[in-house]
Amino acid sequence: MQRITEAFKKAKRENRGAFVAYVTMGYPTLEQSERAVDDIIAAGADIIELGVPFSDPFADGGVIRTASYKALEQGVTINDVIASAARLRERHPDTAFVLFSYYNLIYSMGLENFAREAARAQIDAVLPVDLPYEERDELLSVIAPRGISFVPLIAPNTTLERVKAFEKGLDNTFLYVITVKGTTGERKNLPPDLAARLEGIRSLTHLPIAAGFGISTREQALEVCKHADGFVVGSRIVKCLSEGRKPCLS
Amino acid sequence: MNTHYGIYGGQYVAETLMAPLKELEAAYEEATGDESFQREFHEILRDYVGRESPITCARRLSEHLGGAQIILKREDLNHTGAHKINNTIGQALLARRMGKKRLIAETGAGMHGVATATVAALFGLSCDVYMGEIDVKRQAPNVERMKMLGATVHSVSEASATLKDAMNEALRDWVANCDDTFYVIGTVAGPAPYPQIVRDFQSVIGKEARRQCLEKFGRLPDEAIACVGGGSNAMGLFAGFIDDKEVKLVGVEAGGKGLETNQHASSINGGRLGVLHGAKTMLLQTPDGNILDTYSVSAGLDYPGVGPEHCYLHDTKRAEYTVITDDEAIEAFDALCRFEGIIPALESSHALAEAIKRAPHLPKSAILLVNLSGRGDKDMENIRRYKDAKNH
């Protein structure tokens, strides 16, 4: 099933950007994070990034780090998150699930074993934050045959030449455009050149693009979606969960 | 340039860091071919660091052991007290060449932090150093030194609050500020091209030692021994002898309270293949792929990974990697103090302990070259506490 492609098509038909939501799985507990995913889907999310907690989250800002450490304290592993995905899949047959993880967690499972388990849980795609284009082939070669896709990250300093290479051999995915240099987390202001940047990227890919990092308000999401096919919200959601509130945009 | 060492190494970083890594690689390649860069590097090593560092025969210690001669490569005599300065001078020159105004660094024992703060002062650059909270406490004198030199020291209190967490924080800083900031990595780990850059700048240790051995003894040493945390002093020493197949290369990992206790920092001997901080390498990790807290009495060896080239040398059997416990390192520390009047760093004491183990089993004609990578002034308080705990 091309759930990611379908999610973007559906959003387009409805004349809006696709809503991609990140949740740190296992925070505050595995069960509560699964319920949070239910809530977010009910609130209209099209694609869910299931964040796997890692001991060394060097690409993350404070909110997601704190959540990751809490999840780890309870012993939540990548296997647990994949099992969560399988349960969520039963309840949400059409929602796209992306496994958002540091590469060591995936690598540590054994790549073949990982691909088999992820396919069994009907995970749609994988997003390893520390696996750039140069190193991704060993993972792609095991997940692609099982119908699992890969979400490439595009940074503010990624050349358009590189962007062109990223989409090669990929479908049922999107390009995740990082809005700011830095770690995950809410930002008051998005960079002034973001619109032009998004248009530039959009003009040279057949894949949908979604912007993420720093988006926390409805206004920011609407603004970004003038130039992108979707937007990602992460830290804002995890922060809501940490305050015991249902996830929402301010 | 080398980006991979067999299956090890690579560039496992967030996409935002690929551009700065490529920029660094280009600048380094250009500098390598530029004679004036090399000349300036070696002039500073001579006039500012005080190179070359001598080799010293540990006569009384060797006689006491009754076997091979132990020879010390005296990196402890460098300005700032360790081998770390060789690399920071090189990287600061690169930073200046690239127009970067700010240096950042991670540090464990604090020697790399001090060496980075030192070159920042020397070149008029600003400097932020990340250090785990636990290391800030156990290496307090080095924190003071960094501050005196004008650096800002950030104490990292999250997760295990040691070197790996300091490196995480440095990476977060770099990813946000890579336009004007140069990340001075202190060891032969991290994403390519760092392992090669650091190895090249540290190779002065091995090249000098090789020539000095030939001059003094008319032959090469039988074994070259160095401690391995990330592995920069070892890689620097090994680089001089790698083509001399008759010279055994020995890396010494921190065994902490013993491999069987799981309280150690021996990534090659006790770890499993994984990916951390930009490289595929041997890592101390849980079965689920989370990184373990490491333990060693020596803060500078207290890191869960190791430079990728060491893993490769281990696989190809060009080098062997052994383990020395805290207790053995402290014994070696005492021995060098009492027999030679030299106070070694706890890190270097691991290499020394390995030589002390081997010497009695070898003939008097054998030469064991030990890299005395740093001096022990920073460890005084630590050693006192360790001994107090033992005596109670």
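Residues numbered from 1 in each chain as written. Chains lettered and ligands numbered in written order. Predicted model: local features only at pLDDT ≥ 70, side-chain atom pairs only at ≥ 80, totals over all residues. Heavy atoms only, no water.

### Focus: the overall build of chain A
Then comes step 1: Within chain A, the regular secondary structure consists of 11 helices and nine strands.
Then comes step 2: At 16 Å, chain A has a C-alpha radius of gyration in line with the 18 Å of a compact globule built from 250 residues.
Then comes step 3: Along the three orthogonal principal directions, the C-alpha set of chain A runs to about 45 × 40 × 35 Å.
Then comes step 4: The proportion of buried residues among the 250 residues of chain A is 63%.
Then comes step 5: Pairs at least 24 apart in sequence give 73% of the contacts found in chain A among residues at least 6 apart.
Then comes step 6: Carbon together with sulfur atoms contributes 51% to the accessible area of chain A, which is approximately 9600 Å² in total.
Then comes step 7: For chain A, the distance from the average site of its 30 positive side-chain charges to the average site of its 32 negative ones is 4 Å. (Helix = DSSP H or I, 4+ residues; strand = E, 2+ residues; numbered from the N terminus. Rg over C-alpha atoms; globule rule 2.2 N^0.38 Å. Buried < 20%, exposed > 50% of the residue type's maximum accessible area, 1.4 Å probe, protein only. Contact = heavy atoms within 4.5 Å. Areas by Shrake-Rupley, 256 points an atom, 1.4 Å probe, with all protein chains shown as cover. Lys, Arg positive; Asp, Glu negative; His and termini not counted. Charge placed at Lys NZ, Arg CZ, Asp CG, Glu CD.)

### Some remarks on the pattern of salt bridges
Then comes step 1: On inspection of all chains with the given rule, the structure shows 57 salt bridges over all chains.
Then comes step 2: With a closest N to O distance of 3.9 Å, Glu-6 of chain A and Lys-9 of chain A form a salt bridge. Linking Glu-6 of chain A with Lys-9 of chain A, this pair stays in helix H1 (residues 3–13), spanning three residues, or about one helical turn.
Then comes step 3: Judged by relative accessible area, Glu-6 of chain A falls into the partly exposed class, the value being 40%.
Then comes step 4: Since its relative accessible area comes to 44%, Lys-9 of chain A is described here as partly exposed.
Then comes step 5: For the salt bridge of Asp-165 of chain B with Lys-164 of chain B, the shortest nitrogen-to-oxygen distance reads 3.3 Å.
Then comes step 6: Here Lys-164 of chain B falls in the buried class, since its relative accessible area comes to 3%.
Then comes step 7: One network of salt bridges, with partners in common, ties together Glu-223, Lys-248, Glu-320, Glu-354 and Arg-358 of chain B. (Salt bridge = Lys/Arg side-chain N within 4 Å of Asp/Glu carboxyl O.)

### Structural notes on the interface of chain B and chain A
One frequently used descriptor of interface size is the decrease in accessible area upon assembly of the parts.
Then comes step 1: Taken together, the contacts link 39 residues of chain B with 36 residues of chain A.
Then comes step 2: The shortest N-O distance in the salt bridge between Lys-22 of chain B and Glu-134 of chain A comes to 3.0 Å.
Then comes step 3: On the surface where chain B and chain A come into contact, there are 25 residue pairs in polar contact (both at pLDDT 80 or more).
Then comes step 4: Listing elements by their share of the side of chain B that touches chain A, those giving two or more residues are strand E2 (8–12), helix H1 (18–32), helix H8 (163–177), strand E11 (272–276) and strand E12 (278–283) of chain B.
Then comes step 5: Broken down by element, the side of chain B that touches chain A gets its largest block of residues, eight residues, from H8 of chain B.
Then comes step 6: Taken together, the residues of the side of chain B that touches chain A sort by class into 17 nonpolar, 11 polar and 11 charged. (Polar contact = N/O pair within 3.5 Å; in protein donor to acceptor, adjacent residues only side chain to side chain. Nonpolar A, V, L, I, M, F, W, Y, C, P; charged D, E, K, R; others polar.)

### Remarks on the packing of aromatic side chains
Then comes step 1: Counted under the stated rule, the structure contains 16 aromatic pairs over all chains.
Then comes step 2: With a centroid separation of 6.5 Å and an interplanar angle of 35 degrees, the aromatic rings of Phe-37 of chain B and Phe-201 of chain B are classed as tilted. Of this pair, Phe-37 of chain B sits in helix H2 (residues 35–49) while Phe-201 of chain B sits in helix H9 (residues 194–217), and the two are 164 residues apart along the sequence.
Then comes step 3: Each member of the aromatic cluster is reached from another via a ring pair, and the members are Phe-8, Phe-174, Tyr-176 and Phe-213 of chain A.
Then comes step 4: The ring of Tyr-295 of chain B carries the charged tip of Lys-257 of chain B above its face, separated from the ring centre by 4.9 Å. (Phe/Tyr/Trp six-rings, centres within 6.5 Å; stacked < 30°, edge-to-face > 60°. Lys NZ or Arg CZ within 6 Å of the ring centre and 35° of its normal.)

### Quick notes on the sheet that holds strand E5 (residues 102–107) of chain B
All names here are of chain B.
Then comes step 1: The strand order across the open sheet formed by four strands is E7-E6-E5-E8, and the pairing between neighbours is parallel. For this open sheet the edge positions go to strand E7 (152–156) and strand E8 (181–183), each flanked by a neighbour on one side alone. If you compare each strand with its neighbour and ignore which way they point, the axes differ by 20 degrees on average.
Then comes step 2: Two strands pair when backbone bridges link them, and E5 and E8 are joined in this way by three bridges, in the parallel orientation. Each residue of the ladder has a partner; that of Arg-102, found in E8, is Thr-181. (Pairing = 2+ DSSP bridges. Axes fitted to C-alpha atoms, helices over the stretch in contact; angles between N-to-C directions.)

### What about the side chain of Ser-203 of chain B?
Then comes step 1: Mapped onto the secondary structure, Ser-203 of chain B falls in helix H9.
Then comes step 2: Ignoring sequence-local partners within four residues, the contact set of Ser-203 of chain B consists of Gly-236 and Ala-239 of chain B.

### Examining empty space enclosed by the protein
Then comes step 1: Scanning the entire structure with this criterion turns up eight cavities of 30 Å³ or more.
Then comes step 2: Around the largest cavity sit 29 residues that line it, and His-83, Lys-84, Gly-300, Leu-301 and Glu-347 of chain B are the ones nearest its centre.
Then comes step 3: Of all the secondary structure elements, the ones that give two or more residues to the lining of the largest cavity are E5, helix H5 (111–123), H8, strand E9 (223–228) and helix H10 (232–239) of chain B.
Then comes step 4: Class assignment of the residues belonging to the lining of the largest cavity gives a composition of 10 nonpolar, 15 polar and four charged.
Then comes step 5: In this structure, the second largest cavity occupies an estimated 140 Å³ of space.
Then comes step 6: If you go around the second largest cavity, you meet 18 residues; those closest to its centre are Tyr-176, Thr-184, Phe-213, Gly-234 and Ser-235 of chain A. (1 Å grid on protein atoms, 1.4 Å probe; cavity = no way out; pocket = protein on both sides within 12 Å on 5 of 7 lines; lining within 4 Å. Points joined across faces, edges and corners; volume = space filled by probe spheres on them.)

### Some remarks on helix H14 (residues 346–358) of chain B
Residues and elements named next belong to chain B.
Then comes step 1: Helix length check: H14 (13 residues) gives 19 Å between terminal C-alpha atoms against 18 Å at 1.5 Å per residue, within 8%.
Then comes step 2: The buried fraction of H14 amounts to 12 of the 13 residues, a majority that puts the element mostly inside the structure.
Then comes step 3: For H14, the set of buried residues is Leu-346, Glu-347, Ser-348, Ser-349, His-350, Ala-351, Leu-352, Ala-353, Glu-354, Ala-355, Ile-356 and Arg-358. (Expected span 1.5 Å × (residues − 1).)

### Examining the layout of surface pockets
All names here are of chain A.
Then comes step 1: The volume enclosed by the largest pocket comes to roughly 290 Å³.
Then comes step 2: Taken together, 15 residues form the lining of the largest pocket, with Phe-8, Lys-12, Arg-202, Pro-208 and Asp-229 sitting closest to its centre.
Then comes step 3: In terms of residue count, the dominant contributor to the lining of the largest pocket is H1 (five residues).
Then comes step 4: Classifying every residue of the lining of the largest pocket gives six nonpolar, four polar and five charged.

### Details of unusual backbone geometry
Then comes step 1: Here Arg-51 of chain B and Glu-52 of chain B are connected by a cis peptide whose omega angle stands at 10 degrees.
Then comes step 2: Tracing the sequence through the fold places Glu-52 of chain B in the loop between H2 and strand E3 (55–57).
Then comes step 3: Omega for the peptide link from Ala-192 of chain B to Pro-193 of chain B comes to 10 degrees, which places this bond in the cis form.
Then comes step 4: Considering the arrangement of structural elements, one finds Pro-193 of chain B in the loop between E8 and H9.
Then comes step 5: Of note in this structure, Asn-172 of chain A is not a glycine but carries a positive phi near 50 degrees.
Then comes step 6: Tracing the backbone shows Asn-172 of chain A in the loop between helix H8 (160–166) and strand E7 (175–178).
Then comes step 7: Of note in this structure, Thr-80 of chain B is not a glycine but carries a positive phi near 80 degrees.
Then comes step 8: Along the chain, Thr-80 of chain B falls in the loop between strand E4 (69–74) and helix H4 (84–97).
Then comes step 9: Classification of Thr-80 of chain B by relative accessible area gives buried; the value is 6%.

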